[in-house]
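# Structure assessment
Next come the chains, spelled out residue by residue.
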Amino acid sequence: YLTPVCASACNLSTSRTYSYSPPPDAPWAAAYERLSSSLPLQQLQLNAWDEASCPYSARYCVPFPGLSFQPGPDDICLPELESSLVSSLTSGISKQLDSLAQSKLFSSVLADVNNAVGSILTSLDALGVVAFVALLLGVVYMVLVRFFAKPVVWLSLLLIFLLLLAAGALAISKSLQCAEVGFLDFTEQAALTAVQNVQNVTDGGSNLLVNCQNLGGYAISNPDLRNAVRIVGYCFLGFAALWLLLVICLRNRIRLAIAVNQVAAEFTAMHPYVILLPLIQMLLSLAYLAGWSIIAGLMITDVPSNFVPSNAMSKSQAIAQNGTSPCATTWPAGFPYEDVSDCQAGNTTGEPLCWHCAAPRFVLNERFAFAFFSLLWHNALLAAMGQCLIAGAVATWFFTEKRRKALQPVFCRATVNAVIKHFGSLAFGSLILAVVQFLKWLMRFLSEQAKVRKNRVLQTIFKVLACCLWCFEKCLKFLNKNAYIQVAIKGTNFCTSAQNAFFLILRNAIRFGALAMLGSFLYFIGILVISGATGLGGYYIFQAFHPQMSPIVPTILYVILGYLVGRLFLTVFGLACDTSLQCFIMAEESRMRGDFVPTALQSLMEKQDLGSEEKNGKCCC
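Predicted, not measured: the structure shown is a model, and the values here were computed from it.

## Some points on the overall build of the chain
Helices and strands together make up the secondary structure of the chain, namely 19 helices and six strands. Per-residue burial for the chain yields a buried fraction of 37% across its 621 residues. Accessible surface computed for the chain: about 35400 Å², of which carbon and sulfur atoms make up 66%.

Spelled out as structure tokens, the structure:
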């Protein structure tokens, strides 16, 4: 086998010689010794690089015959065939090697890559125009949500009901269809049979199924499968009835969710520069992550010299079959290797000690744990500041008079509250989240340690704990987000805000649930619309700017750009929805009325009152 080594240069002089000898623990070692003592094995005398250039045992510095090395990237020596070996090869093999290196597939792939990179670099003007178009599409989508969310949502709910109803009717009709009657013609037959069945019921009969005895039997001949299809049809009809009942009972909650989405869309369309905040937040996160990665990389690659045993051992000790190898007692685990140039005689078993433990490439110790916790805390704090800033801007805009909403500098007060007045609350909330995230990763680390030690019980326990902490983390993120909204609206500390947010969600669970479902629907539609329209518009823009170039790769890039822009808009839009709902509930519970209420919520603010609902005991309003 080939062994990689570190040398001073790629082409070195072979001033050393090496006489091959098998490892002492090899099965043929004794036979080779007897053979070499009786026969002169001069052909096994190999040339090796000098010790000054290759500071290893001679057996590891023998160059492969017929190969030379040339300098390559990243100080790596790349092998190539020597001219003497190439000349000895037949012309047919040489031609095959040349044709393989210069194959049309490789050339075409390389040409496509070069063309793709060139088309992107030479079309930066079109990219700038498409980026502006993507931002414009985000604003347009917010305007469309503001004006057309109500009919789109109600039509979607009606369409779902009709689809469930049609699926049930089709499944039942299929289970009753006769073999010699087409599915479309069966409608007329089913109607006539239904009339006959009604008459049969009035006469005291009980057979309500279609009679297919004279029509070749049923289309689904298997009676069990026919009954299963009929049951599925009844289930679809039941789901349709349940869906209709839920829509009727939750109609006012759905109206509120639609109005809140319209208000959030109005805010985002009125202040589109708010999407710069998530963009700046993402750039700061990437910059911090880049610096942290460099420092953490230096930490984890500083493996202590005593991390693995340094003593020599036998093959049976190093490569243990029961998982008790001294090289792999912790994770990251080291690995055993054989060095036949440094063998020692065994003291007890007589087995040669030629094996050593190599340290792992990285190690996770206390220093890395501290650095990793700081990364989690800083990321959570940066996300908390972004959420509090957007929530404060939405709250400021919400309680501003209508005639001043478009002119109100919404970020001034929000920035002061988040950065100066309530930075401690944001830091404390992000600290709690970082602790939970750190414990989750600690459980995964301990699971890997148990896996190395072959302890399946502990490995399963730690995985279950990590899964539970992951679920708790999701709940904590949701609660923290609403707590930061309370901090931005009321200016209370984190604990008070978290308590207020929890009971607010508990009192209005159906409202928050309806808003979450509707928000997910509009989020999905928005991503499709913005990314698809950006890709389609970018295609025509690219064709107008550079008609002679291939538009495939730039169009894919434009779709990705539209997706990112859509994510920016809809992230702000989602947080604006949550903040607007909390502002509405606060105004409703405190009976605040005035000219500040957005138009979409004006009628709901006048008609609905949470206290009167509870007193009257209404459940379906």
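## Some details on the pattern of salt bridges
By the definition in use, this model includes seven salt bridges. Taken together, the shared-partner salt bridges in this structure form one network comprising Lys 440, Glu 473 and Lys 477.

## Re the packing of aromatic side chains
Counting across every chain of the model gives 15 aromatic pairs. Look at Phe 398 and Phe 399: their rings are 5.1 Å apart centre to centre, the planes differ by 70°, and that puts the pair in the edge-to-face class. We classify Phe 398 as buried; its relative accessible area is 0%. Note that Arg 444 overlies the ring of Trp 441, its terminal NZ or CZ placed 4.6 Å from the centroid.

## What to know about the nonpolar core
Counting 74 residues, the largest nonpolar core has Phe 398, Leu 426, Phe 573 and Leu 601 as its most contacted members. Considering every element that reaches this core, the biggest residue donor is helix α17 (residues 552–589), with 14 residues.

## Observations concerning the side chain of Asn 261
Inspection of the secondary structure puts Asn 261 in helix α8 (residues 251–270). The residues contacting Asn 261, other than those within four sequence positions of it, are Val 145, Leu 515, Leu 518, Gly 519, Leu 522, Phe 573 and Cys 577.

## A short note on helix α15 (residues 494–507)
Between its first and last C-alpha, α15 extends 20 Å over 14 residues, near the 20 Å set by a 1.5 Å rise per residue. Those residues of α15 lying buried are Phe 494, Ser 497, Ala 498, Ala 501, Leu 504 and Ile 505. Buried residues of α15 fall within an arc of 130° about the axis and therefore sit on the same side. Among the exposed residues of α15, those oriented more than 90 degrees off its buried face are Cys 495 and Leu 506. Tucked into the core, α15 has its buried residues touching α13 (423–452), α14 (456–490), α16 (509–545) and α17. The opening residue of α15, the one whose side-chain oxygen lies 3.3 Å from the backbone nitrogen of Cys 495, is Asn 493.

## Notes on the environment of Pro 151
Mapped onto the secondary structure, Pro 151 falls in helix α5 (residues 124–176). Assessed through its relative accessible area of 39%, Pro 151 is described here as partly exposed. Taking the C-alpha atoms as reference, Pro 151 lies 9.7 Å from Ile 258; in sequence the two are 107 residues apart.

## Topic: the state of the cysteines
Taken as a whole, this structure holds three disulfides when the rule is applied. Disulfide partner of Cys 10: Cys 77, at an S-S distance of 2.1 Å. Between Cys 10 and Cys 77 the sulfur-sulfur dihedral comes to about -85°; the bridge is accordingly left-handed. With a gap of 67 residues between them, Cys 10 in the segment before β1 (16–19) and Cys 77 in strand β4 (residues 77–81) connect regions that are remote in the sequence. The disulfide partner of Cys 327 is Cys 357, and the S-S distance across this bridge is 1.9 Å.

## A word on the packing of helix α11 (residues 366–398) against α13
One way to put it is that α11 packs onto α13 with a least axis distance of 8 Å and a crossing angle of 135°. Judged on the interaxial angle alone, α13 and α11 are oblique. For the pair α11 and α13, the crossing hand works out as right-handed. The residues of α13 that touch α11, namely those facing Ala 369, Phe 372, Phe 373, Leu 376, Trp 377, Ala 380, Leu 381, Ala 384, Met 385 and Cys 388, are Phe 423, Leu 426, Ala 427, Ser 430, Leu 431, Leu 433, Ala 434, Val 435, Gln 437, Phe 438 and Trp 441. Residue classes in the contact of α11 with α13 are distributed as 19 nonpolar, two polar and no charged.

## With respect to the environment of Gln 408
Mapping Gln 408 onto the fold places it in the loop between α11 and α12 (410–421). Judged by relative accessible area, which is 14%, Gln 408 ranks as buried. Once the C-alpha coordinates of Gln 408 and Thr 396 are considered, the two residues, 12 residues apart in sequence, prove to be 8.3 Å apart. For Gln 408, the contacting residues outside a window of four places in its chain are His 271, Thr 396 and Thr 400.

## Side note on the packing of α14 against α17
At a minimum axis separation of 10 Å, α14 and α17 run at an interaxial angle of 55°. When the axes of α14 and α17 are compared, the pair comes out oblique. The way α14 lies across α17 gives a crossing that is right-handed. Every residue of α17 that contacts α14 at Lys 481, Asn 482, Ile 485, Gln 486, Ile 489 and Lys 490 is listed here: Leu 575, Asp 578, Thr 579, Gln 582, Cys 583 and Met 586. In terms of residue class, the contact of α14 with α17 is built from five nonpolar, four polar and three charged.

## Considerations on the confidence of the model for the chain
Summary statistics for the chain give a mean pLDDT of 80 and a share of 82% for residues scoring 70 or more. Taken together, the stretch residues 610–615 has pLDDT below 50 and engages in seven contacts with residues farther than four places along the chain or on a different chain. Considering only residues more than four positions removed or in separate chains, one finds that residues 617–621, a stretch of pLDDT under 50, has seven contacts.

## What to know about the side chain of Glu 588
By the element assignment, Glu 588 lies in helix α17. A polar atom in the side chain of Glu 588 sits 2.9 Å from the side chain of Arg 511.

## Thoughts on the pairing of strand β3 (residues 67–71)
The pairing of β3 with β4 spans five bridges and is classified as antiparallel. When the bridges of β4 are listed, Gln 70 appears paired with Leu 78. Hairpin connection of β3 to β4: five residues between the antiparallel strands, including Asp 74 at a positive phi of 55°.

## Details of a positive patch on the surface
On the surface, Lys 451, Lys 454, Arg 456 and Lys 463 cluster together into a positively charged patch. For Lys 463, the position within the fold is in helix α14. The exposure class assigned to Lys 463 is partly exposed, which follows from its relative accessible area of 48%.

## Some details on the environment of Ile 525
Mapped onto the fold, Ile 525 is located in helix α16. What makes Ile 525 partly exposed here is its relative accessible area of 29%. Sequence separation of Ile 525 and Tyr 141 is 384 residues, and the distance between their C-alpha atoms is 9.8 Å.

## Notes on a nonpolar patch on the surface
Among the surface-exposed residues, Tyr 273, Leu 276, Leu 279, Ile 280, Met 282, Leu 283, Leu 284, Leu 286 and Leu 289 lie close enough to one another that they form a single nonpolar patch of about 810 Å² accessible area. If you trace the backbone, Leu 289 turns up in helix α9 (residues 276–300).

The rules we used
- Counting starts from 1 at the beginning of each chain's written sequence and moves along it residue by residue.
- Whole-chain, interface and lining totals are the exception, using all residues; otherwise, since this is a predicted model, local features are given only for residues with pLDDT of at least 70 and side-chain atom pairs are given and counted only at 80 or more.
- Derived side-chain values reflect all non-hydrogen atoms in the structure, with water molecules and hydrogen atoms excluded from consideration.
- Put simply, DSSP H or I for four residues or longer makes a helix, DSSP E for two residues or longer makes a strand, and each gets a number counted from the N terminus.
- Throughout this description, buried means an accessible area under 20% of the type-specific maximum (1.4 Å probe, protein chains only), exposed means over 50%, and partly exposed covers the range between.
- With residues, only the protein chains shown are counted as cover, and all accessible areas are computed by Shrake-Rupley using a 1.4 Å probe.
- Salt-bridge detection follows one rule: a side-chain nitrogen of Lys or Arg within 4 Å of a carboxyl oxygen of Asp or Glu.
- By convention, a stacked pair of Phe, Tyr or Trp rings (six-membered ring in the case of Trp) has centres within 6.5 Å and planes under 30 degrees apart, an edge-to-face pair has planes over 60 apart, and any other such pair is tilted.
- Only Lys NZ and Arg CZ are tested; either one counts as a charge over a ring when it is within 6 Å of the ring centre and within 35 degrees of the ring normal.
- Put simply, buried Ala, Val, Leu, Ile, Met, Phe, Trp, Tyr and Cys residues joined by side-chain atoms within 4.5 Å make one nonpolar core.
- What makes two residues a contact is simply this: any of their non-hydrogen atoms within 4.5 Å.
- Here the expected length of a helix is defined as 1.5 Å per residue gap, with one fewer gap than residues.
- Arc definition: it is the arc formed by the directions from the helix axis to the C-beta atoms.
- Whenever two N or O atoms come within 3.5 Å, that pair is a polar contact, provided that in protein one can donate a hydrogen and the other can accept it, and provided that, for residues adjacent in sequence, both atoms are side-chain atoms.
- Two cysteine sulfurs form a disulfide in these notes if their separation is within 2.5 Å.
- Geometry is summarised by axes, namely lines fitted to C-alpha atoms with helices restricted to the contacting stretch, and by angles between N-to-C directions that run from 0 to 180 degrees.
- In what follows, roughly perpendicular refers to angles from 65 to 115 degrees, roughly parallel to angles under 35, roughly antiparallel to angles over 145, and oblique to any angle outside these ranges.
- Definitions for this section: a left-handed crossing has its near helix turned counterclockwise from the far helix by less than a right angle. A right-handed crossing has that turn clockwise.
- Throughout this entry, Asp, Glu, Lys and Arg are counted as charged residues, while Ala, Val, Leu, Ile, Met, Phe, Trp, Tyr, Cys and Pro are counted as nonpolar. The remaining residues, Gly among them, count as polar.
- What pLDDT reports is the predictor's confidence in each residue, on a scale of 0 through 100.
- Strands are labelled as partners when DSSP assigns at least two bridges between them.
- Distance thresholds for patches are 9 Å for like charges and 5 Å for nonpolar side chains (Val, Leu, Ile, Met, Phe, Trp, Tyr), applied to residues having over 30% relative accessible area and no salt bridge.
- The charge count treats Lys and Arg as positive and Asp and Glu as negative. His and the chain ends do not count.
- The atom standing in for a charge is NZ when the residue is Lys, CZ when it is Arg, CG when it is Asp and CD when it is Glu.

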